[in-house]
Amino acid sequence: MKTGLVFSLSLISTLTATARATVSWDQVRAKFGDSASQGRPYSKPCYDSWNSSECVSIRDNYLLAAPRTTNAGARIQTQWETCHTTGEQCLLDFTNPNNRGAVDSSRCALGSVPKYFIDVRNHKQVQEAFHFSRNTGIPIVIDNTGHDYKGRSSGPGTLALWTHNLQDISLDDAFVAEGCPASYQAVTMGAGVQFSKLYAFAEANNVTVVGGSDASVGASGGWLMGGGHGALSNTLGLGVDRVLQFKIVTPDGKYRTANACQNKDLFFALRGGGGGTFGVVLETTIKASPQVTLQAVFLTFSGTIEHTKELWSVMIDNGLKWAEEGWGGYSTFGAFIYITPLLTPCEADESMKPIAQLGERLKAQGATNVSLVQAQFDSWLQWYSVFSKANKAMSGVSLPLASRLINKGSFKTEESREALLEALVAAYHVTPRMILLATAPASFAGDGQTSVTEAWRDSIYHITAVSSWQWNATKVDKLAGYKRVSQSIDNLRKITPDAAYSNECDVYEPNHEETLWGSNYRKLLAVKRKYDPDHLLDCWHCVGWDKNSPRFRCYFSEEELQA
Ligand SMILES: Cc1cc2nc3c(=O)[nH]c(=O)nc-3n(C[C@H](O)[C@H](O)[C@H](O)COP(=O)(O)OP(=O)(O)OC[C@H]3O[C@@H](n4cnc5c(N)ncnc54)[C@H](O)[C@@H]3O)c2cc1C
Ligand SMILES: *[C@@H]1O[C@H](CO)[C@@H](O)[C@H](O)[C@H]1NC(C)=O
Ligand SMILES: *[C@@H]1O[C@H](CO)[C@@H](O)[C@H](O)[C@H]1NC(C)=O
Ligand SMILES: *[C@@H]1O[C@H](CO)[C@@H](O)[C@H](O)[C@H]1NC(C)=O
Ligand SMILES: *[C@@H]1O[C@H](CO)[C@@H](O)[C@H](O)[C@H]1NC(C)=O
């Protein structure tokens, strides 16, 4: 009996292993019908036929984010369309997408683009996909907009659940989460809705939502489940502070409702534990707040790093005070863009005197193009439209990123402020594109039931560093790019507690469990084991990940990074 059992178990695992290598397009098509498609790199039409209208459109729009999010095979950071370790890819020259000479038609490979896609329209397809993955061994990834900086919506040889077409959106003046007592004004949306649509919807309905800086990021995918910060987070909270309910298919095949009153452990995990880990969200409901009136400041100038250092010095000196006054926003080389919903125009003028004075000083010190605009906006979208016109994120390029949360302690003494400024300038000299994001929920206590690192609420700034490499870079160049952003952020790691934002951290973050989730990690791991005991979902540096899984074969190994 015993031998027979052992025999049949090993037979099953042999069968599974064989199936793993050979899930065919016919099998996928037979199971999922017209909702299934084969993975195709974004630029493949150009490798097939350079002058086809499809290729011309790809070339014309290569650096735009929005068309990439409507194409399942595209990623915003193009390295996640490639396989870092093998060099397989199918890219265009982003410095000149019309550069036909650069494209070698014989060399177009899927890289990390999933092998098959399901265009998800309902929860039944997701249940079937989990069942199929369990039976065949094909790994699943969830792909919403493809913005992920850590490649978690990509994976070689995977079956991707593409959530982009879940586009419903509605407002409820008295939404009651199932089984809960309280009611809220709330927006319910499909998992594919992006900020462009959510912001327009909120504007049309005279309500305020909290969202990120880029209109094409998804409002209820990875952004939300990883934390979700924006320029209003200081006063209105992170995305996870404002979510009331998720509808989700967990890997055990159940379609569940998670909120503060049922599946509470899952709700906790989805409020910061990360996308791609606990299930496939179909729909979310978030709080809608009353319309805000915003006081805004835009200071821009052309100058040297010495001029920008002066700006950062003013920002550090006023960090705690401005956070208390509700300010949030962004600063990069030669730019400072802030808003607050808490102050009157007079109070805002008074509060921003150091910035007005800085503008005068910068002129005297030889900076040019110094422009200071202070204005009132009657809604988030009215401000956002002005902001986003002048501040477009990079898309269509290879871009490694690393970051750090800057603790309130760094702002409290003259020595710590000085140390922060010096660290920032040192980081700048490694990676000149530094961004200071005043998007921490510094004045928003939260309800104690979110799973992002608690360091978020004790922070003033989230600071990011980026680098890049050429479209045709070698493995050595790419390794150097990841190391460069990590070395840049080391300057800040030295002076801060171990904390960073899970969605925008170093891909190879050391000590990532504590850094991304702090003391919440143990509880998150228990939730992962409960809802996904067979480990159908997995992603890079995600809760409970299996770092030896073949799905991670396109990431660099520790040995490669240390060499
Ligand atoms: C240009 C740019 C600007 C950004 N600005 C901000 C910002 O202002 N604030 C901020 O907080 N972050 C920002 N980010 C980071 C952003 O939060 C992450 O890139 C995030 O992962 C994007 O989520 P997505 O669903 O749009 O992308 P995807 O890459 O499609 O998905 C990201 C992750 O979430 C998972 N996921 C997606 N949908 C679901 C679902 N329905 N159910 C379960 N898992 C899912 C995926 O599997 C993957 O692991 C920005 C990123 C970029 C590239
Ligand atoms: C594509 O079209 C351009 C101009 O219309 C032409 O000059 C070029 O030779 C064509 N290239 C190919 C590969 O057909
Ligand atoms: C919009 O909402 C604000 C704040 O709730 C309210 O004072 C105002 O009257 C509303 N405007 C319209 C046009 O409904
Ligand atoms: C001032 O701004 C303009 C427009 O952005 C730019 O072309 C010019 O180079 C800037 N001047 C200097 C001295 O940097
Ligand atoms: C990479 O592409 C550029 C064109 O964009 C070309 O000039 C360069 O020689 C290429 N480098 C390699 C290593 O192929």
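Residues numbered from 1 in each chain as written. Chains lettered and ligands numbered in written order. Predicted model: local features only at pLDDT ≥ 70, side-chain atom pairs only at ≥ 80, totals over all residues. Heavy atoms only, no water.

Colleague: In this structure, what is going on with the site of ligand 4? I would like to understand it.
Modeller: Near ligand 4 you find S302, T368 and N369, and these make up its full shell. In the environment of ligand 4, an oxygen atom lies 3.5 Å from a nitrogen or oxygen atom belonging to the side chain of S302. Here ligand 4 has 360 Å² of accessible area as a free molecule, and 26% of this is covered by the chains. (Near = heavy atom within 4 Å. Polar contact = N/O pair within 3.5 Å; in protein donor to acceptor, adjacent residues only side chain to side chain. Areas by Shrake-Rupley, 256 points an atom, 1.4 Å probe, with all protein chains shown as cover.)

Colleague: What exactly am I supposed to notice about the sheet that holds strand β2 (residues 116-119) here?
Modeller: In any sheet, the strands associate via hydrogen bonds between backbone groups, in a parallel or an antiparallel arrangement. Ordered in space as β1-β2-β4-β3, the 4 strands form an open sheet in which the pairing is mixed. Lying at the two open borders of the sheet, with one neighbouring strand each, are β1 (36-38) and β3 (140-143). Between one strand axis and the next, the sheet turns by 30 degrees as a mean value, whatever way the strands run. Taken together, the 4 bridges between β2 and strand β4 (residues 159-162) define a ladder with parallel strand orientation. Bridge pairing in β4 links F117 to A160. (Pairing = 2+ DSSP bridges. Helix = DSSP H or I, 4+ residues; strand = E, 2+ residues; numbered from the N terminus. Axes fitted to C-alpha atoms, helices over the stretch in contact; angles between N-to-C directions.)

Colleague: Please clarify how the environment of L198 should be interpreted in this entry.
Modeller: Inspection of the secondary structure assignment puts L198 in helix α7 (residues 195-204). Relative accessible area serves as the criterion here: at 1%, L198 is assigned to the buried category. (Buried < 20%, exposed > 50% of the residue type's maximum accessible area, 1.4 Å probe, protein only.)

Colleague: Before we go on, may I ask you to explain the packing of helix α12 (residues 305-317) against helix α17 (residues 414-430) in this structure?
Modeller: A packed helix pair is summarised by two numbers, namely the angle formed by the two axes and the spacing between the axes. Between α12 and α17, the least distance of the axes is 10 Å, while the angle of their chain directions is 145 degrees. Crossing of α12 over α17 shows right-handed handedness. In contact with I305, K309, W312, S313, I316 and D317 of α12, α17 contributes R417, L420, L421, E422, L424, V425, Y428 and H429. In terms of residue class, the contact of α12 with α17 is made up of 8 nonpolar, 2 polar and 4 charged. (Left-handed = near helix turned anticlockwise from the far one by under 90°. Contact = heavy atoms within 4.5 Å. Nonpolar A, V, L, I, M, F, W, Y, C, P; charged D, E, K, R; others polar.)

Colleague: Mind showing me how you'd approach the domain arrangement of the chain here?
Modeller: Interface extent is often summarised as the accessible area lost during association of the parts. When cut into domains, the chain gives domain 1 (10-164 + 533-562) and domain 2 (293-378). Taking only C-alpha atoms into account, the centre of domain 1 sits 42 Å from that of domain 2. (Domains from an automatic or database assignment.)

Colleague: What exactly am I supposed to notice about empty space enclosed by the protein here?
Modeller: It is a probe the size of a water molecule, rolled over the atoms, that shows where empty space is left. On inspection of all chains with the given rule, the structure shows 5 cavities of 30 Å³ or more. By volume, the largest cavity is sized at about 110 Å³. Looking at the largest cavity, it is lined by 16 residues, and the ones nearest its centre are G151, S154, G155, R551 and Y555. Here the lining of the largest cavity is composed, by residue class, of 8 nonpolar, 5 polar and 3 charged. (1 Å grid on protein atoms, 1.4 Å probe; cavity = no way out; pocket = protein on both sides within 12 Å on 5 of 7 lines; lining within 4 Å. Points joined across faces, edges and corners; volume = space filled by probe spheres on them.)

Colleague: For this particular structure, what's the right way to read the packing of aromatic side chains?
Modeller: Describing an aromatic ring pair means giving the distance of the ring centres and the angle of the ring planes. Here the structure, examined in full by the defined rule, presents 32 aromatic pairs. A ring pair is formed by W80 and Y555, whose centres lie 5.3 Å apart and whose planes are at 40 degrees; its orientation type is tilted. With W80 in the loop between α5 (65-69) and β2 and Y555 in the loop between α20 (521-531) and α21 (558-562), this pair connects stretches of sequence that are 475 residues apart. Each member of the pair, W80 as well as Y555, is classed as buried. In textbook terms, an aromatic cluster arises when at least three aromatic residues are bridged by ring pairs, as seen for W80, W469, Y482, Y508, W540, W545, F552, Y555 and F556. One residue, R68, lies across the ring of Y62, its end atom 4.5 Å from the ring centre. The ring of F268 carries the charged tip of K523 above its face, separated from the ring centre by 3.9 Å. (Phe/Tyr/Trp six-rings, centres within 6.5 Å; stacked < 30°, edge-to-face > 60°. Lys NZ or Arg CZ within 6 Å of the ring centre and 35° of its normal.)

Colleague: Any chance you could explain α17 here in plain terms?
Modeller: Two residues of an α-helix separated by three or four positions point the same way, owing to the 3.6 residues in each turn. If you check α17, its first and last C-alpha atoms are 25 Å apart, about what 17 residues at 1.5 Å a residue would give, namely 24 Å. Looking at α17, one finds that the buried residues are S416, L420, L421, A423, L424, V425, A427 and Y428. Packed against the buried residues of α17 are α12, β16 (401-407), β17 (433-438), β18 (459-466) and α18 (475-493). (Expected span 1.5 Å × (residues − 1).)

Colleague: Could you clarify how one ought to interpret the side chain of T78 in this entry?
Modeller: With respect to the secondary-structure elements, T78 resides in the loop between α5 and β2. T78 sits in the buried class, given a relative accessible area of 1%. For T78, the side chain forms a polar contact with the side chain of S398, separated by 3.1 Å.

Colleague: Teacher, can you tell me more about the state of the cysteines here?
Modeller: Chemically, a disulfide is nothing more than a covalent bond linking the sulfur atoms of two cysteines. Counting across every chain of the model gives 5 disulfides. By sequence order of its bonded cysteines, the chain has the disulfide arrangement 1-2, 3-10, 4-5, 6-7, 8-9. This cysteine, C505, is not joined by any disulfide, and C542 carries the nearest cysteine sulfur, 9.9 Å off. (Disulfide = S-S within 2.5 Å.)

Colleague: Any chance you could explain the sheet that holds strand β12 (residues 294-302) here in plain terms?
Modeller: With antiparallel pairing, 7 strands are arranged side by side in an open sheet as β15-β12-β14-β13-β17-β18-β16. Edge strands, defined here as strands with exactly one partner in the open sheet, are β15 (368-377) and β16. Within this sheet the neighbouring strands show an average axis-to-axis angle of 10 degrees, counted without direction. The pairing of strand β13 (residues 328-332) with β17 spans 3 bridges and is classified as antiparallel. Across the sheet, residue G329 finds its bridge partner in β17, namely A438.

Colleague: Can you walk me through the UniProt feature "domain: FAD-binding PCMH-type" (unreviewed entry) in the chain in this structure?
Modeller: Under the present numbering, the feature "domain: FAD-binding PCMH-type" (unreviewed entry) in UniProt falls on residues 110-291. This span, residues 110-291, is 24% helix and 29% strand, and a straight line between its end C-alpha atoms measures 46 Å. (UniProt positions renumbered as here; feature names shortened; annotations may be inferred.)

Colleague: Mind showing me how you'd approach the confidence of the model for the chain here?
Modeller: Caution applies to low-pLDDT parts of the model: their predicted coordinates are not meant to be read in detail. Of all residues in the chain, 96% attain a pLDDT of 70 or more, and the chain-wide mean is 95. The secondary structure element of the chain with the lowest average pLDDT is helix α1 (residues 2-22), at 43, and the one with the highest is helix α11 (residues 264-270), at 99. For residues 1-19, every residue scores under 50 in pLDDT, and the model assigns this stretch 2 contacts once sequence neighbours within four places are set aside. (pLDDT = per-residue confidence, 0-100.)

Colleague: Help me understand the side chain of N234 in this model?
Modeller: Looking at where N234 falls in the secondary structure, it is placed in helix α9 (residues 233-236). Within the local environment of N234, its side chain forms a polar contact with the backbone oxygen of A323, the two atoms lying 2.8 Å apart. Sequence-distant contacts of N234, that is, excluding residues within four places in its chain, are made with W322, A323, G326, W327, A440, P441, A442, S443 and F444.

Colleague: What am I meant to see in α7 here?
Modeller: Taken residue by residue, α7 has F195, L198, Y199, F201 and A202 as its buried positions. Seen end-on, α7 carries its buried residues on one side only, within an arc spanning 160 degrees. The inward-facing, buried residues of α7 contact β5 (169-176), β6 (183-190), β7 (207-208), α8 (222-226), β10 (280-287) and α16 (380-390). N206 lies just past α7 and shows a positive phi near 60 degrees. (Arc of directions from axis to C-beta.)

Colleague: When you look at the environment of T78 in this model, what are you seeing that I'm missing?
Modeller: A sequence separation of 321 residues divides T78 from L399, and the C-alpha atoms of the two residues are 7.7 Å apart. For T78, the contacting residues outside a window of four places in its chain are Y62, R68, L91, G396, V397 and S398.

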